[in-house]
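Here is how the chains run, residue by residue.
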Amino acid sequence: MSSLTSTSHLQLAAFALGTIGWILCTISMGLVEWRVWHVDNTTIISSGIAWVGIWKVCFISYLHVSSGYKEQFCHKFSGYDSFIPHEIYVAQGLLLIAMVMGLLGLTATVFALRNIYMGISRKTLITHFFLLGGFFYIFAGLCVLVPVSWNFYSIAQNQSIAFPPSYYMPSSPTAQEVGAAIPIGIIAVILLLLSGTFSLSYRFPITTNTDMKS
């Protein structure tokens, strides 16, 4: 058992990094701060700032609110909204896939580590679970990388979104910048890819103090 556990330190780190990466992926998906829009018309968008996420758009308004109070208004996107750019639709789908893949990667890693730390020396089983977990982690990382990169490019190009009048949003901002969700997503990508690399690097020891089973 000691021989087995001494060869799995990187994989234990992979589990820790994968867990943090998966949590950050979930946080990034839930945040509305993907794009920060700066607008000139502050009649409704009182702060002059609106947040465009992958599920909804939000802004602060003092309109129809008692003096001294503010309220955040949000409009959720619908699957039938034709004005939503492709990178937002892609982000919705790929981040959901990344969540599932990351969870599967964590599950596979837990099973492999469980066998190691319980002294169950089944080479094929342990190796296959680590390989499976590694592929899940890397696939999850790539699923996060695509929407994060695509949306970052759209922000850098100051691309517009043709919001309908009911959203009270201009079609183009005076300027836009990266919101908190994108750097969080980038960190998630790095951690998931590292986790996958560590999992795939596992090598079962040739000699062990316990009986090896295939």
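Structure first, text after, so check above.
### Observations concerning the environment of Leu-24
With respect to the element layout, Leu-24 can be found in helix H2 (residues 9–30). Through-space distance from the C-alpha of Leu-24 to that of Leu-192 is 9.9 Å; in sequence the pair is 168 residues apart. Ignoring sequence-local partners within four residues, the contact set of Leu-24 consists of Ile-184, Ile-187, Ala-188 and Leu-191.

### Section: the packing of aromatic side chains
The relation between two aromatic rings is expressed through the spacing of the ring centres and the mutual angle of the planes. What the rule picks out here adds up to eight aromatic pairs. With 5.6 Å between their ring centres and 55 degrees between their planes, Phe-83 and Phe-163 make a pair best called tilted. Linking Phe-83 in the loop between strand S4 (71–76) and helix H3 (86–117) with Phe-163 in the loop between helix H4 (123–156) and strand S5 (175–178), this pair joins segments that are 80 residues apart in sequence. Judged by its relative accessible area of 17%, Phe-83 is buried. Centroid distance Phe-83 to Tyr-167: 5.2 Å. Interplanar angle 75 degrees. Geometry classified as edge-to-face. You can see Phe-83 sitting in the loop between S4 and H3 and its partner Tyr-167 sitting in the loop between H4 and S5, a full 84 residues away along the chain. Neither residue differs from the other here; Phe-83 and Tyr-167 are each classed as buried. Connected via pairs of aromatic rings, a cluster forms that spans Trp-37, Phe-77, Phe-83, Phe-163 and Tyr-167.

### A closer look at the state of the cysteines
Counting across every chain of the model gives one disulfide. Note that Cys-58 is cross-linked by a disulfide to Cys-74, the S-S spacing being 2.0 Å. Between Cys-58 and Cys-74 the disulfide shows an S-S torsion of about 110 degrees. By sign, it is right-handed. Highlighted residues: Cys-58 in strand S3 (residues 56–61) and Cys-74 in strand S4, separated in sequence by 16 residues. You can call Cys-58 buried: its relative accessible area is 1%. In this structure Cys-25 is not part of a disulfide, and its nearest cysteine sulfur, from Cys-143, lies 8.8 Å away.

The rules we used
- Residues numbered from 1 in each chain as written.
- Predicted model: local features only at pLDDT ≥ 70, side-chain atom pairs only at ≥ 80, totals over all residues.
- Heavy atoms only, no water.
- Helix = DSSP H or I, 4+ residues; strand = E, 2+ residues; numbered from the N terminus.
- Contact = heavy atoms within 4.5 Å.
- Phe/Tyr/Trp six-rings, centres within 6.5 Å; stacked < 30°, edge-to-face > 60°.
- Buried < 20%, exposed > 50% of the residue type's maximum accessible area, 1.4 Å probe, protein only.
- Disulfide = S-S within 2.5 Å.

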